[in-house]
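Overview (structure and organization)
Read off the chains here:
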Amino acid sequence: MIRPLLMTSMAALLLACSAPSAEGVAEAEGASESAEDVKSLVPDLPTDRIKAGSFEDVLREYRQMNDRLDRVSAPIRLSNAALCTETFRDPGFQAHSLEDYPERMRGVAQALLGLEPNAIYVRSVRRGSPAEKADIQPGDRILRLNGRAVPGGPTMTRFYSALSRGAFAGRETRLTLRTPDGQEYETILQSQTACDYPTRVIFSQEINGHTDGQEVYITSELMRGVPDDVNLALITAHEMAHAIAGHMNQAPTKALELEADRMALVLMERAGYDIDAAITYWADAAHPHRRLQDDSDSHPTIVERYENFRQEQARIRDLKRADKALKFN
Ligand SMILES: [Zn+2]
């Protein structure tokens, strides 16, 4: 399931979305697609926030943000496999390698994260996941999957991706790992079927969420601006909905945005999130970014989104009362 966890650039924002935040709504319309604005997935130094040399703080924040996003999005991915067009078997940990980091950061990554070249390591372990139950720890090096050695070298990440996909597809996977202090251990892990839309934080001053149809990206500025997990879940579910419905292949319209909002509520409800709490946010008419949204041709207004949320909320409530299966409208 590994994908390169850090990428130096993104080709394009195929679909820019608006999203709620603590201060207001992201003004994503017209988000530039230039490499200048689509910031690296890894923090750039120096920035106005970060003193040069404090890579450690940046890396720590980056990891915390990714762990939070993973924790918030996991229930959505795990509860909606039946509705997702792409699924995979999720072991509950994420992996990375030194080579995932830009060259200029590798020295720091090696020192801070204990990564040696040409090796795959556990980056994070989700709470309550099969990996946690198997007592896998971040920083452990992955040596073998079902007895097959994880190779090193330039094609390592791709090879590991294919190998892990096969290995975790089964009912049980046998992993051999090595702790940072050199202890080798073997563990059996049962993966779970989940929607195959990994979520990832990218470092950017823009407040934005988007998807390329394969992954969901949330900017660091948006992560900082959304203190409550329910609204972060809504943003993530909205982007996932675009990916599930294949909206990236179409020109952005109000109708597609509203459809993604409705789908997001279904994804959230099935994942056990409090959709009433999420919708309440949109009731605030004195929205700070309201005017920007209202000027947009391809994005619905706050009022339109709120009304749309309310209608879908009612539909979901009726289905629940009638004890019917919750599907997209
Ligand atoms: Zn959208």
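No experiment lies behind these values; they were computed from the predicted model shown.

Quick notes on the overall build of the protein
A count of helices and strands for the protein gives ten helices and twelve strands. Looking at the 329 residues of the protein, the share that counts as buried comes to 42%.

Points about helix α10 (residues 302–321)
Here α10 contains 20 residues, and its C-alpha end-to-end distance of 28 Å stays within 8% of the 28 Å for a straight helix at 1.5 Å per residue. Of the positions making up α10, those classed as buried are Ile302, Arg305, Tyr306, Asn308, Phe309 and Glu312. Looking straight down α10, one finds that the buried residues subtend no more than 160° of arc, so they occupy a single side. Residues of α10 that are exposed and angled more than 90 degrees away from the buried face: Ala314, Asp318 and Arg321. The first or second residue beyond α10 is Asp323, which carries a positive phi of 60°.

Overview of the environment of Val122
Locating Val122 in the fold gives a position in strand β4 (residues 121–125). On a C-alpha basis, the gap between Val122 and Phe93 in space is 6.7 Å, while along the polypeptide they are 29 residues apart. Dropping the residues within four chain positions of it, Val122 is found in contact with Phe93, Ala95, Ile136, Gln137, Pro138, Gly139, Asp140 and Ile142.

Re the environment of Thr280
Inspection of the secondary structure puts Thr280 in helix α8 (residues 275–280). On the basis of neighbour counts, which here come to 14 C-beta atoms within 10 Å, the residue Thr280 falls in the partly exposed class. Between the C-alpha atom of Thr280 and that of Phe309, which follows or precedes it by 29 residues, the distance is 9.7 Å.

So, the nonpolar core
Side chains of a nonpolar character, in soluble globular proteins, are inclined to be buried together. Counting residues in each nonpolar core, the largest one holds 68 residues, and the members touching the most others are Ala237, Met240, Ala264, Leu267 and Met268. Each of two domains, domain 1 (1–84 + 196–329) and domain 2 (87–195), supplies a minimum of three residues to this core. Setting aside anything within four residues of it in sequence, one finds Met268 in contact with Ile76, Ala233, Leu234, Ala237, Tyr273, Ile275 and Ala278.

Examining unusual backbone geometry
Positive phi is not limited to glycine here, since Asp135 has a value of about 65°. Tracing the chain through its elements places Asp135 in the loop between α3 (130–133) and β5 (141–145). You will see that Asp323, though not glycine, has its phi angle at about 60°, which is positive.

Points about the packing of helix α6 (residues 229–245) against helix α7 (residues 254–270)
Between two packed helices, both the angle of their axes relative to each other and the distance between the axes serve to describe the pair. Taken N-terminus to C-terminus, the directions of α6 and α7 make an angle of 115°; their axes are 8 Å apart at the nearest point. With respect to each other, α6 and α7 are oriented roughly perpendicular. Remark: the crossing between α6 and α7 carries right-handed chirality. Contacts between α6 and α7 pair Ala233, Leu234, Ala237, His238, Met240, Ala241, His242, Ile244 and Ala245 from the former with Glu259, Ala260, Asp261, Met263, Ala264, Leu267 and Met268 from the latter. Here the residues of the contact of α6 with α7 are counted per class, giving twelve nonpolar, two polar and two charged.

Thoughts on the confidence of the model for the protein
Here the protein shows a mean pLDDT of 81. Residues at 70 or above account for 80%. This model gives residues 1–16 a pLDDT under 50, and the stretch forms 49 contacts once residues within four places in sequence are excluded.

Considering the packing of α7 against α10
Close contact between α7 and α10 brings their axes to 9 Å; oriented N to C, the two are set at 40°. Of the possible angle classes, the one that applies to α7 and α10 is oblique. Here the hand of the crossing between α7 and α10 comes out right-handed. Across the interface between the two elements, Leu258, Asp261, Arg262, Leu265, Val266 and Glu269 from α7 touch Glu304, Arg305, Asn308, Phe309, Glu312, Gln313 and Ile316 from α10. Across the contact of α7 with α10, the residue classes break down as five nonpolar, two polar and six charged.

Remarks on the environment of Asp135
A tally of 12 C-beta atoms within 10 Å means that Asp135 is categorised as exposed. Note: C-alpha distance between Asp135 and Ile188 (53 residues apart in sequence) is 10.0 Å.

Thresholds, definitions, all that
- Residues numbered from 1 in each chain as written.
- Predicted model: local features only at pLDDT ≥ 70, side-chain atom pairs only at ≥ 80, totals over all residues.
- Helix = DSSP H or I, 4+ residues; strand = E, 2+ residues; numbered from the N terminus.
- Buried ≥ 20, exposed ≤ 12 C-beta atoms within 10 Å, placed from the backbone.
- Expected span 1.5 Å × (residues − 1).
- Arc of directions from axis to C-beta.
- Contact = placed C-beta atoms within 7 Å.
- Core = buried A, V, L, I, M, F, W, Y, C linked by C-beta atoms within 7 Å.
- Domains from an automatic or database assignment.
- Axes fitted to C-alpha atoms, helices over the stretch in contact; angles between N-to-C directions.
- Parallel < 35°, antiparallel > 145°, perpendicular 65-115°, else oblique.
- Left-handed = near helix turned anticlockwise from the far one by under 90°.
- Nonpolar A, V, L, I, M, F, W, Y, C, P; charged D, E, K, R; others polar.
- pLDDT = per-residue confidence, 0-100.

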